[in-house]
Amino acid sequence: MESKKVELIFEKFQESNPIPKIELNYTNHFTLLVAIVLSARTTDVSVNKVAKELFNITDTPEKMLNFGQNELKKRISSIGLYNSKARNIIALSKILINRYNGKVPTDFDDLVSLPGVGRKSANVFLNSGLGIPTLAVDTHVFRVSNRIGLVKEKDVFKTEQSLLNVVPKKYLLYAHHWLVLHGRYACKAQKPSCETCIIHDLCEFECKRYKV
Ligand code: SF4
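Overview of the structure. Predicted, not measured: the structure shown is a model, and the values here were computed from it. (Residues numbered from 1 in each chain as written. Predicted model: local features only at pLDDT ≥ 70, side-chain atom pairs only at ≥ 80, totals over all residues. Heavy atoms only, no water.)

A closer look at the overall build of the chain
Then, number 1: Helix and strand counts for the chain come out as 11 helices and zero strands.
Then, number 2: Listed by position from the N terminus, the elements making up the chain come as α-α-α-α-α-α-α-α-α-α-α.
Then, number 3: Over its C-alpha trace the chain gives a radius of gyration of 18 Å, about what one expects of a compact globule, namely 17 Å for 212 residues.
Then, number 4: Counting only residues that meet the buried cut, the chain has 47% of its 212 residues in that class.
Then, number 5: Of the contacts formed within the chain by residues at least 6 apart in sequence, a portion of 59% connects residues at least 24 apart.
Then, number 6: Total accessible area on the chain is roughly 10,900 Å²; 51% of this is exposed by carbon and sulfur atoms.
Then, number 7: Side chains of the chain carry 31 positive and 21 negative charges; the gap between the two charge centres is 6 Å. (Helix = DSSP H or I, 4+ residues; strand = E, 2+ residues; numbered from the N terminus. Rg over C-alpha atoms; globule rule 2.2 N^0.38 Å. Buried < 20%, exposed > 50% of the residue type's maximum accessible area, 1.4 Å probe, protein only. Contact = heavy atoms within 4.5 Å. Areas by Shrake-Rupley, 256 points an atom, 1.4 Å probe, with all protein chains shown as cover. Lys, Arg positive; Asp, Glu negative; His and termini not counted. Charge placed at Lys NZ, Arg CZ, Asp CG, Glu CD.)

This is the structure in structure tokens:
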């Protein structure tokens, strides 16, 4: 896609939502990381349903360890993959205490070394928690950016690298959130809302039956 069009797309995203926010609820860096781990292959809405009460009790790694894996499992049992997520959260809490003085590290490589924290999760944490202009590619970002023609890549890693090249620097901080929210509410997987889409005149998606 030509750079002028890319610029216009992000201009429109910015006009419609100048300061987009992560939709996961959290209270500090630790609870943000836990919420991100819980959100893997699960909607933010489901995570938020259990997070409020959970974070009242477990807002530090120490409190999470005291709470324990079995209680944690019960508390998050409505969430997909809750067994492995509980195991990972307890394991990462131990590591934060033993290796990072109870704090969440701010280095990408340290983050991805934690159980349950992959490349996408680390980038979401750095972007949403620390305001670093990283570009986490989740299912929405992958679909939207390839569908509309921002990039043309076959896998998540290449999509991330290409987006880092094509998204103008001034829009990088919020690019992840804009693409996520656009994918979640407008450019949905099955029935994209092209007729009301704010970037329909710039989008290169070829399925005309969705076009205005
Ligand atoms: S016009 Fe349709 S396909 Fe293109 S970005 Fe908008 S919703 Fe998605």
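Description of the nonpolar core
Then, number 1: Counting residues in hydrophobic clusters, the biggest one holds 36 residues, and the most contacted among them are L72, L111 and L114.
Then, number 2: Of all the secondary structure elements, the ones that give two or more residues to this core are α2 (29-38), α3 (44-57), α4 (61-67), α6 (82-100) and α8 (119-130).
Then, number 3: The element that contributes the greatest number of residues to this core is α2, accounting for eight residues.
Then, number 4: Those residues in contact with L72, other than ones at most four positions away along the chain, are L54, M64, F67, A86, I89 and I90.
Then, number 5: With 25 residues, the next largest nonpolar core counts V167, Y171, V180 and I199 among its residues. (Core = buried A, V, L, I, M, F, W, Y, C linked by side-chain atoms within 4.5 Å.)

Overview of empty space enclosed by the protein
Then, number 1: This model, assessed by the stated rule, comprises one cavity of 30 Å³ or more.
Then, number 2: In this structure, the largest cavity is lined by 13 residues; those nearest its centre are C187, P192, C194, C197 and C203.
Then, number 3: Classifying every residue of the lining of the largest cavity by side-chain character gives nine nonpolar, two polar and two charged. (1 Å grid on protein atoms, 1.4 Å probe; cavity = no way out; pocket = protein on both sides within 12 Å on 5 of 7 lines; lining within 4 Å. Points joined across faces, edges and corners; volume = space filled by probe spheres on them. Nonpolar A, V, L, I, M, F, W, Y, C, P; charged D, E, K, R; others polar.)

Things to note about the pattern of salt bridges
Then, number 1: Scanning the entire structure with this criterion turns up nine salt bridges.
Then, number 2: Where D201 meets K12, a salt bridge forms, and the shortest distance between an N and an O atom there is 3.8 Å. In this pair, D201 is assigned in the segment after α11 (172-185) and K12 in helix α1 (residues 3-16), connecting sequence segments 189 residues apart.
Then, number 3: According to the relative accessible area criterion, K12 is partly exposed, its value standing at 29%. (Salt bridge = Lys/Arg side-chain N within 4 Å of Asp/Glu carboxyl O.)

Overview of the site of the ligand
Then, number 1: What surrounds the ligand is the set R147, I148, H182, C187, P192, S193, C194, C197, I199, H200, C203 and F205.
Then, number 2: Spatially, the ligand is embedded in the largest cavity.
Then, number 3: Class assignment of the residues belonging to the shell around the ligand gives a composition of eight nonpolar, three polar and one charged. (Near = heavy atom within 4 Å. Sits in = over half its atoms within 2 Å of the grid points.)

Brief notes about the layout of surface pockets
Then, number 1: Computed from the structure, the largest pocket encloses a volume of approximately 480 Å³.
Then, number 2: Considering the residues around the largest pocket, the lining is formed by 23 residues, among which T42, D44, D138, H140 and R184 are closest to the centre.
Then, number 3: Breaking the lining of the largest pocket down by element, the ones donating at least two residues are α3, α8, α9 (139-147) and α11.
Then, number 4: With six residues, α11 is the single largest residue contributor to the lining of the largest pocket.
Then, number 5: Residue composition of the lining of the largest pocket, grouped by class: nine nonpolar, seven polar and seven charged.
Then, number 6: Here the lining of the largest pocket gathers at least three residues from each of two domains, domain 1 (3-20 + 135-196) and domain 2 (29-130). (Domains from an automatic or database assignment.)

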